[in-house]
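Listed below are the residues making up each chain.
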Amino acid sequence: MKFLNKSLLIYSRIFPYINKRRKWQIFLSIFISLIVSILESLGISSLFPFIASIMDPSKIYNIEIIRNILDQFNISKENLTVFFGSVFIFLVLLSSFLKIILLKINTKICYSLIAEICIVMFKKIVKQPYQLHLTRNTSDVVATLALRSKSIGETTFFLISI
């Protein structure tokens, strides 16, 4: 919890420096993440009717809501296992596919954000007075720039991957 609070504090400081397009990408990523979560929940929920249809299809078929749905699709009592198995496999594959896409999107967002933040920080460093540059070690400045931008990217990836 402490890490999350620290991450949110860091993120609230850098959010004004993120361009509008990247902000929309972050919100899109969060939205897709919500859809993936719902699909995973539905996939897990569809496992129970699948197992029940294997054990005793008549009990599942006697539930009025399920019977109405099955009658709409013209699915007989004998094909319950195939139907629920197909639904389960479809939901698992769809959520897995979306998870892969989401991982790719999140990675792209984070690396792009790291580049943007590096550019902003570098411009601020370059605009500092010349006397300040004479007193600083260049390798320390570059190392700090790399470390902070990496930290921002990791924080972003953590926050949008929750």
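Our structure's up above, just so we're on the same page.
Residues numbered from 1 in each chain as written. Predicted model: local features only at pLDDT ≥ 70, side-chain atom pairs only at ≥ 80, totals over all residues. Heavy atoms only, no water.

This next bit is on the overall build of the chain. On a plain count of helices and strands, the chain comes out with eight helices and zero strands. Ordered by position from N to C terminus, the α and β elements of the chain give α-α-α-α-α-α-α-α. Radius of gyration (C-alpha) of the chain: 25 Å, far over the 15 Å computed for a compact globule of 162 residues. Across its three principal directions, the C-alpha atoms of the chain cover 85 × 30 × 20 Å. By residue count, 28% of the 162 residues in the chain fall in the buried class. For the chain, restricting intrachain contacts to residue pairs at least 6 apart in sequence, the fraction spanning at least 24 positions comes to 74%. Here the chain displays about 11400 Å² of accessible surface, and carbon together with sulfur accounts for 70% of that area. (Helix = DSSP H or I, 4+ residues; strand = E, 2+ residues; numbered from the N terminus. Rg over C-alpha atoms; globule rule 2.2 N^0.38 Å. Buried < 20%, exposed > 50% of the residue type's maximum accessible area, 1.4 Å probe, protein only. Contact = heavy atoms within 4.5 Å. Areas by Shrake-Rupley, 256 points an atom, 1.4 Å probe, with all protein chains shown as cover.)

So, on to the layout of surface pockets. Estimates place the volume of the largest pocket at around 340 Å³. Looking at the largest pocket, it is lined by 14 residues, and the ones nearest its centre are M121, K124, I125, L145 and R148. If you list the elements that add at least two residues to the lining of the largest pocket, you get α6 (80-126) and α8 (138-160). Split into classes, the residues belonging to the lining of the largest pocket amount to nine nonpolar, two polar and three charged. (1 Å grid on protein atoms, 1.4 Å probe; cavity = no way out; pocket = protein on both sides within 12 Å on 5 of 7 lines; lining within 4 Å. Points joined across faces, edges and corners; volume = space filled by probe spheres on them. Nonpolar A, V, L, I, M, F, W, Y, C, P; charged D, E, K, R; others polar.)

This part takes up the nonpolar core. Residues I14, I18, I26, I109, C110, L113, I117, I152 and I160 constitute the largest nonpolar core, which totals nine residues. For this core, the elements supplying multiple residues, two or more each, are α6 and α8. For this core, the leading source of residues is α6, giving four residues. By size, the runner-up hydrophobic cluster in this structure holds seven residues, among which are I60, L70, I75 and L80. (Core = buried A, V, L, I, M, F, W, Y, C linked by side-chain atoms within 4.5 Å.)

For the rest of this paragraph, the subject is the side chain of S29. With respect to the element layout, S29 can be found in helix α2 (residues 20-45). What makes S29 buried here is its relative accessible area of 0%. Polar contacts involving the side chain of S29 include one to the side chain of N106, which spans 2.3 Å. Those residues in contact with S29, other than ones at most four positions away along the chain, are L102, I105, N106, I109 and I160. (Polar contact = N/O pair within 3.5 Å; in protein donor to acceptor, adjacent residues only side chain to side chain.)

Next up on the list: the environment of F88. With respect to the element layout, F88 can be found in helix α6. As a C-alpha pair, F88 and S46 span 42 residues in sequence and 5.4 Å in three-dimensional space.

Turning next to the packing of α6 against α8. Relative placement of two packed helices is described by the angle separating their axes and the distance separating the axes. The contact between α6 and α8 brings their axes to 9 Å, and the two run at 145°. For α6 against α8, the interelement crossing comes out right-handed. In contact with L103, N106, T107, I109, C110, L113, I114, I117, C118, M121, F122 and I125 of α6, α8 contributes V141, L145, R148, S149, K150, I152, G153, T156, F157 and I160. In terms of residue class, the contact of α6 with α8 is made up of 15 nonpolar, five polar and two charged. (Axes fitted to C-alpha atoms, helices over the stretch in contact; angles between N-to-C directions. Left-handed = near helix turned anticlockwise from the far one by under 90°.)

Together, L28, F31, L34, I35, I38 and L42 give the surface a local cluster of nonpolar side chains, amounting to about 550 Å² of exposed area. By the element assignment, I38 lies in helix α2. (Patch = residues over 30% accessible without salt bridge, like charges linked within 9 Å, V, L, I, M, F, W, Y side chains within 5 Å. Salt bridge = Lys/Arg side-chain N within 4 Å of Asp/Glu carboxyl O.)

For the rest of this paragraph, the subject is the side chain of S46. Residue position: S46 is located in the loop between α2 and α3 (47-55). Judged by its relative accessible area of 8%, S46 falls in the buried class. Discounting residues that sit within four places of it in the chain, S46 has contacts with V87, F88 and L91.

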